Amino acid sequence: MKAHIISWQKYLGVIFFMLISGCTISHDYGPFKGRVLDLETGGPIEGAVVFLRFYTQFQLSPGGPVAKYADAIEVVTDHNGEFSIPTHKVEAFRLLHGWEPECTVKIFKPGYGVFPHHKNAKPKFKPTYSIPEDQYNVVWLPKLKTKEERKENLYDVGGYSRGDVPMEKQRIYFDMYNAEREFLGLSPLPIITKKLKIKR
């Protein structure tokens, strides 16, 4: 009898392991590369943050697919305004989830309209909130000339999402957001990692 119970325990253990293994899903995104330019002057924008987020989709929700955060990457443009992100493999432990086919992107530097939300940021890729993989993308950001424009833009920049993207995955973006708030005379959001100086 005892041997029979142990046999069943082993059998259930194997089934459980197979189910767990089947719930780990992965997807390769990228590579992503390109250049960020000033819309007015055509010059490169050094120090802009390129912030990519990756999501899975729960397929069986009654209201339609529901996105869930899986990973994020951020890089900063160099002195030529260029950025490069190699192919990024994202893995997640999810049951009945598929992958969002494209990442969600924001490109921002204090004093500039955020891509892709600002009306004058170019181009408008399809889908709107992403950038194409495996091609050289040129993104144009408009220089904002008044505090009113910068305050309006701040809403689209958005800061960080509590409970969504972990702080360690968006430190640069978050610091730039807070730098813009401070320039506008607004209190910075909590969890500041470092101070950034921006031109006034």
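It should be noted that the structure appears before, not after, this text.
In this report, the structure presented in the accompanying data block is examined.

What counts as what
- Residues numbered from 1 in each chain as written.
- Predicted model: local features only at pLDDT ≥ 70, side-chain atom pairs only at ≥ 80, totals over all residues.
- Heavy atoms only, no water.
- Phe/Tyr/Trp six-rings, centres within 6.5 Å; stacked < 30°, edge-to-face > 60°.
- Helix = DSSP H or I, 4+ residues; strand = E, 2+ residues; numbered from the N terminus.
- Buried < 20%, exposed > 50% of the residue type's maximum accessible area, 1.4 Å probe, protein only.
- Core = buried A, V, L, I, M, F, W, Y, C linked by side-chain atoms within 4.5 Å.
- Contact = heavy atoms within 4.5 Å.
- Axes fitted to C-alpha atoms, helices over the stretch in contact; angles between N-to-C directions.
- Parallel < 35°, antiparallel > 145°, perpendicular 65-115°, else oblique.
- Left-handed = near helix turned anticlockwise from the far one by under 90°.
- Nonpolar A, V, L, I, M, F, W, Y, C, P; charged D, E, K, R; others polar.
- Arc of directions from axis to C-beta.

**Brief notes about the packing of aromatic side chains**
Here the structure, examined in full by the defined rule, presents five aromatic pairs. Geometrically, the ring pair formed by Tyr29 and Phe54 is tilted, given 4.7 Å between the ring centres and 40° between the ring planes. A residue pair is termed long-range when its members are at least 10 positions apart, and Tyr29 in strand S1 (residues 24-29) and Phe54 in strand S3 (residues 49-58) qualify at 25 residues. Residue classification places Phe54 among the buried residues on the basis of a relative accessible area of 0%.

**Observations regarding the environment of Lys68**
Structurally, Lys68 can be placed in strand S4 (residues 66-76). Placed 12 residues apart in sequence, Lys68 and Thr56 show a C-alpha to C-alpha distance of 5.3 Å.

**Some details on the nonpolar core**
Grouped together as the largest cluster of nonpolar side chains are 26 residues, with contacts concentrated most on Phe32, Leu52, Phe54, Ile107, Phe115, Ile131 and Leu141. Secondary structure elements with two or more residues in this core: S1, strand S2 (32-38), S3, S4, strand S5 (82-85), strand S6 (88-93), strand S8 (104-108) and strand S9 (136-141). At three residues, S3 tops the list of elements feeding residues into this core. Discounting residues that sit within four places of it in the chain, Leu52 has contacts with Phe32, Asp71, Ala72, Ile73, Ile85, Cys103, Thr104, Val105 and Ile131.

**Re the packing of helix H2 (residues 147-157) against helix H3 (residues 171-183)**
Direction vectors running N to C along H2 and H3 enclose 150°, while the axes themselves pass 10 Å from each other. Classed by the angle they form, the pair H2 and H3 counts as roughly antiparallel. For the element pair H2 and H3, the recorded crossing hand is left-handed. Contacts from Lys147, Arg150, Leu154 and Val157 of H2 reach H3 at Tyr173, Tyr177, Glu180, Arg181 and Phe183. When grouped by side-chain class, the residues that make up the contact of H2 with H3 number five nonpolar, no polar and four charged.

**With respect to H2**
If you check which residues of H2 are buried, you get Arg150, Asn153, Leu154 and Val157. For H2, the angular spread of the buried residues around the axis is 120°, confining them to a single face. The outward face of H2, more than 90 degrees from its buried face, is lined by the exposed residues Glu148, Glu152 and Tyr155. Elements in contact with the buried residues of H2: S8 and H3. Residue Gly158 follows H2 closely and has a positive phi angle near 85°.

By themselves, these figures tell us nothing about what the structure is for.
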